[in-house]
Amino acid sequence: MSTKDTVETVQASTRPEVATTPADAGDAGYSKDLKARHVNMIAIGGAIGTGLLLGAGGRLHNAGPALALAYLVCGVFAFFVVRALGELVLYRPSSGSFVSYAREFLGEKGAYVAGWMYFLNWSTTGIADITAIALYTHYWSMFTSIPQWVLALIALAVVLAVNLISVKIFGEMEFWFAIIKVATIVGFMLISIFLLATQHKVDGHTPGLSVISDHGGLLPHGAMPVVLVMQGVIFAYAALELVGVAAGETAEPEKVVPRAVNSIMWRVGLFYVGSVVLLALLLPGSVYSADESPFVTVLSKIGVPAAGDVMNLVVLTAAMSSLNSGLYSTGRILRSMAMAGSAPKFTARMNRSQVPYGGILLTCAVCVLGVGLNYLVPSQAFEIVLNVASLGIISTWVIIMLCHMIFVRRARAGLATRPDFRLKFSPVTEIATIAFLLVCLGMMWNDPEVGRKTILLIPVLAVVLVAGWFGVRRRVAQNAGRDLSKQTK
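Residues numbered from 1 in each chain as written. Predicted model: local features only at pLDDT ≥ 70, side-chain atom pairs only at ≥ 80, totals over all residues. Heavy atoms only, no water.

Draft legend 1. Spatial organisation of helix α8 (residues 167-198). Compared with the 46 Å implied by 1.5 Å per residue over 32 residues, the 47 Å span of α8 between its first and last C-alpha is a close match. Following α8 by one or two positions, Gln199 adopts a phi angle in the positive range, close to 55 degrees. (Helix = DSSP H or I, 4+ residues; strand = E, 2+ residues; numbered from the N terminus. Expected span 1.5 Å × (residues − 1).)

Draft legend 2. Region of the structure containing the packing of helix α6 (residues 97-137) against helix α7 (residues 148-165). Relative to each other, α6 and α7 sit at 120 degrees, their axes nearing to 8 Å. As far as their axial angle goes, α7 and α6 are oblique. Where α6 crosses over α7, the handedness of that crossing is right-handed. Along the contact surface, α6 presents Ile130, Thr131, Ile133, Ala134, Leu135 and Thr137, while α7 presents Gln148, Leu151, Ala152, Ala155 and Leu156. Here the contact of α6 with α7 is built from residues that sort into 8 nonpolar, 3 polar and no charged. (Axes fitted to C-alpha atoms, helices over the stretch in contact; angles between N-to-C directions. Parallel < 35°, antiparallel > 145°, perpendicular 65-115°, else oblique. Left-handed = near helix turned anticlockwise from the far one by under 90°. Contact = heavy atoms within 4.5 Å. Nonpolar A, V, L, I, M, F, W, Y, C, P; charged D, E, K, R; others polar.)

Draft legend 3. How the structure looks around the state of the cysteines. Taken as a whole, this structure holds 0 disulfides when the rule is applied. Its sulfur unpaired, Cys364 is 5.8 Å from the next cysteine sulfur, which belongs to Cys367. Residue class for Cys367 comes out buried when judged on its relative accessible area of 1%. (Disulfide = S-S within 2.5 Å. Buried < 20%, exposed > 50% of the residue type's maximum accessible area, 1.4 Å probe, protein only.)

Draft legend 4. Up close: the side chain of Ser325. Looking at the secondary structure, you find Ser325 in helix α15 (residues 307-340). Residue contacts for Ser325: discarding those within four places in its chain leaves Trp122, Phe170, Glu174 and Leu242.

Draft legend 5. Structural context of unusual backbone geometry. Residue Pro427 follows Ser426 across a cis peptide bond; omega there is 5 degrees. Inspection of the secondary structure puts Pro427 in the loop between α17 (381-412) and α18 (428-443). A positive phi angle is found at Gln354, which is not glycine, with a value near 65 degrees. If you trace the backbone, Gln354 turns up in the loop between α15 and α16 (357-376). Take Gln354: its relative accessible area is 32%, and that puts it in the partly exposed class. One non-glycine residue, Phe425, lies in the positive phi region at around 60 degrees. Looking at where Phe425 falls in the secondary structure, it is placed in the loop between α17 and α18. Accessibility expressed as a relative area gives 70% for Phe425, which makes it exposed.

This is the structure we're talking about:
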């Protein structure tokens, strides 16, 4: 019997037992308490965050109405990434998600890089989130006397407690966070459509295409600012890959995941592109600012009472949701890595509620460093960590596409079976997505203040990852040998 025949025989005999004998040792022990509505709302919550609710204001100011096109283009590539991940999930659901797939298709080194870069993304995003929560809380006068670092620490403690109780509580929290965000966006869009239909003046401007044409057109500052905001727009879509992690804790991933992934595209079109188009039709881009949510700008201009208070509460909710998701996903990813030997042993530990508390606590420890950053440089903390996080998300998406490309190649060779839910036009789609992400990364060089310094961090991260690999490779080899001996008994 050939090697190929042997592999096919083993796969055929083991595939029905995937649910009871996980291909990834880190999948054992989880409850399956996430329901379809939880996963759907986790997908929506991942697609709507502070990148839209807050960040769109500064981007509209810099790039103009063509920002809608930037959101659309980045949204298409983000959809390709999630569709590729969705196919891998249906092939083999895993709470280790893309780290587990990187282990299968790129080897242990690939899983090691994927896991730690994702940890870098979410741990630094967590710092950004607690910083944002503290800043948003300071909006209300009753909290201004409390130091920023104290508010950041309180926020971290609350979300940590929720994550440690159970995955069901996490799912419920994310469900209601997403409901608040969706209701806000829908409410704003209905108000905007009413203003357009009635031609009600906003800050002296009559809503419509004339607002765009009379203030420099689609590209008031040229094409370059639109290209430069792409990196920030990609970060706005970060967290869409949470669908893959959450699928490992749902009872019926084959039903839940395709529905959640397919719905991402129209949500992106409706919420992101639709909102930016409406914002551009109501006020000139120069009126918006990075210091204020664009939705607050519009609502305050038409005299909506307490618009700032309501929107601030929603943006605060979005930041809490992001922090909640970051602790959830890194806990699962680190457990998968720990079982393979590439993360500290304690990150594999689970509590009685089947929550991997070790990994969650490690992410929290990094976030506590962020509390220190808030103490030392409160004005710069947010910008510093946001750019480091972008390196993590771009590398994660590139690895997902590489895994999918190798998976499809193996399927065509008869070594794996592709599910009916697929990413079309492989490998062209994956190559185009990877090229786009690398171009966005390269464009950061044009920003000498922050972007260039972020790119210069890449060699430093590479050295740290290589040194770390030499530190864990013996343990990884021992774990792989132990797993192989179990399979051959």
